[in-house]
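# Structural description and commentary
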Amino acid sequence: DTEVTQTPKHLVMGMTNKKSLKCEQHMGHRAMYWYKQKAKKPPELMFVYSYEKLSINESVPSRFSPECPNSSLLNLHLHALQPEDSALYLCASSQNVPTGEKLFFGSGTQLSVL
Amino acid sequence: GIQVEQSPPDLILQEGANSTLRCNFSDSVNNLQWFHQNPWGQLINLFYIPSGTKQNGRLSATTVATERYSLLYISSSQTTDSGVYFCAVPSSNDYKLSFGAGTTVTVRA
């Protein structure tokens, strides 16, 4: 199984809503990532988890809250988002950190904030 | 940080044509990855290629690390090859990949 699975595929939320994005991998990878991608731009790193511990936060606003319940799961909790947060949110994993390792991406969650 | 430049920015191909995409990077790297993002957003890792040449079906890639560039070859292109192709290299901070701006490929039937 070489898949990274993300749910939901699409999400529309209001600025006062609380929602969560979910990511799962069963490749035994010990590093997991959240990326944000705006249209026609490359992905931008948000968070890195290594061995279930948050190792990198790329100065992401606190309205985005990551969580790694176990080695296979990664969540991104969303609260009080702004319309400019609308984007494709991608989860990825690699065998280890650093990300010089081969990176596997999920299919993403297309988020619209109204 | 390391700079990654991809060319051309856009490429329109007739089905069956061959093409070459280029990725230049500004500093020494110990690996390079090529990704294909399809029109539905899925990013697929095509190649993990620190140096040399690799082939995967109709796609092949060559990295010349000493000259700081990599090439991605698409042969006998198909409409399913459409999408955006990104190359990425590790930044000086090992945890972070630096992506190029991408090449948007459109293959017409």
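A brief report on the enclosed structure follows.

How each quantity is defined
Residues numbered from 1 in each chain as written. Chains lettered and ligands numbered in written order. Predicted model: local features only at pLDDT ≥ 70, side-chain atom pairs only at ≥ 80, totals over all residues. Heavy atoms only, no water. Helix = DSSP H or I, 4+ residues; strand = E, 2+ residues; numbered from the N terminus. Rg over C-alpha atoms; globule rule 2.2 N^0.38 Å. Buried < 20%, exposed > 50% of the residue type's maximum accessible area, 1.4 Å probe, protein only. Contact = heavy atoms within 4.5 Å. Buried area = accessible area lost by both parts, 1.4 Å probe. Salt bridge = Lys/Arg side-chain N within 4 Å of Asp/Glu carboxyl O. Polar contact = N/O pair within 3.5 Å; in protein donor to acceptor, adjacent residues only side chain to side chain. Nonpolar A, V, L, I, M, F, W, Y, C, P; charged D, E, K, R; others polar. Core = buried A, V, L, I, M, F, W, Y, C linked by side-chain atoms within 4.5 Å. Phe/Tyr/Trp six-rings, centres within 6.5 Å; stacked < 30°, edge-to-face > 60°.

## So, the overall build of chain A
Regarding its fold elements, chain A presents zero helices and eleven strands. Going from the N terminus to the C terminus, chain A shows its helices and strands as β-β-β-β-β-β-β-β-β-β-β. Expected size for 114 residues packed as a compact globule is a radius of gyration near 13 Å; at 13 Å, chain A falls within 12% of this value. The proportion of buried residues among the 114 residues of chain A is 46%.

## Topic: the interface of chain B and chain A
At the interface, 19 residues of chain B touch 21 residues of chain A. The junction of chain B with chain A conceals about 1,600 Å² of combined surface from both sides, 59% of it contributed by carbon and sulfur atoms. Here chain B and chain A share one salt bridge between them. Notably, a salt bridge pairs Lys-96 of chain B with Glu-58 of chain A, separated by 2.7 Å at the nearest N-O pair. In this assembly, chain B and chain A are joined by six residue pairs in polar contact (both at pLDDT 80 or more). Residue assignment for the side of chain B that touches chain A shows that the elements contributing at least two residues are β4 (33-37), β5 (43-48), β9 (83-90) and β10 (97-99) of chain B. Taken together, the residues of the side of chain B that touches chain A sort by class into ten nonpolar, seven polar and two charged.

## Observations concerning the nonpolar core
Formed by 23 residues in total, the largest nonpolar core has its most connected members in Trp-34, Phe-64, Leu-76 and Leu-78 of chain A. When residues of this core are traced back to their parent elements, those giving at least two are β2 (10-13), β3 (18-25), β4 (31-37), β5 (44-50), β7 (64-70), β8 (73-79), β9 (87-94) and β11 (109-113) of chain A. By size, the runner-up hydrophobic cluster in this structure holds 22 residues, among which are Leu-46, Ile-49, Ile-74 and Val-107 of chain B.

## Topic: unusual backbone geometry
The omega torsion across Thr-7 of chain A and Pro-8 of chain A is -10 degrees, close enough to zero to call that bond cis. Along the polypeptide, Pro-8 of chain A turns up in the loop between β1 (4-7) and β2. In this structure, Pro-8 of chain B follows Ser-7 of chain B across a cis peptide bond, with omega equal to -10 degrees. With respect to the helices, strands and loops of the structure, Pro-8 of chain B is situated in the loop between β1 (4-7) and β2 (10-14). In this structure, Ser-76 of chain B is a non-glycine residue whose phi angle is positive, near 45 degrees. Mapped onto the fold, Ser-76 of chain B is located in the loop between β8 (69-74) and β9.

## Quick word on the side chain of Gln-37 of chain B
With respect to the helices and strands, the residue Gln-37 of chain B is situated in strand β4. Judged by its relative accessible area of 8%, Gln-37 of chain B falls in the buried class. Within the structure, Gln-37 of chain B has its side chain in polar contact with the side chain of Gln-37 of chain A (distance 2.7 Å). Here the side chain of Gln-37 of chain B touches Gly-41 of chain B through a polar contact of 2.9 Å, landing on its backbone oxygen. Not counting residues up to four positions away in its chain, the partners in contact with Gln-37 of chain B are Gln-37, Leu-88 and Leu-90 of chain A together with Gln-42, Leu-43, Gly-83, Val-84 and Phe-86 of chain B.

## Topic: the environment of Gln-14 of chain B
Mapped onto the elements, Gln-14 of chain B comes out in strand β2. Ignoring sequence-local partners within four residues, the contact set of Gln-14 of chain B consists of Ser-77, Val-107, Arg-108 and Ala-109 of chain B.

## Structural notes on the packing of aromatic side chains
A complete count under the given rule lists seven aromatic pairs over all chains for this structure. Between the aromatic rings of Tyr-35 of chain A and Phe-99 of chain B, the centroid separation amounts to 6.1 Å while the plane-to-plane angle is 80 degrees, which identifies the pairing as edge-to-face. With Tyr-35 of chain A in strand β4 and Phe-99 of chain B in strand β10, this pair bridges two chains. Here Tyr-35 of chain A matches Phe-99 of chain B in class, with each residue buried. The structure contains a cluster of three or more aromatic residues connected by ring pairs, namely Tyr-33, Tyr-35 and Phe-105 of chain A together with Phe-35, Phe-86 and Phe-99 of chain B.

The analysis is restricted to geometry; functional conclusions fall outside its scope.
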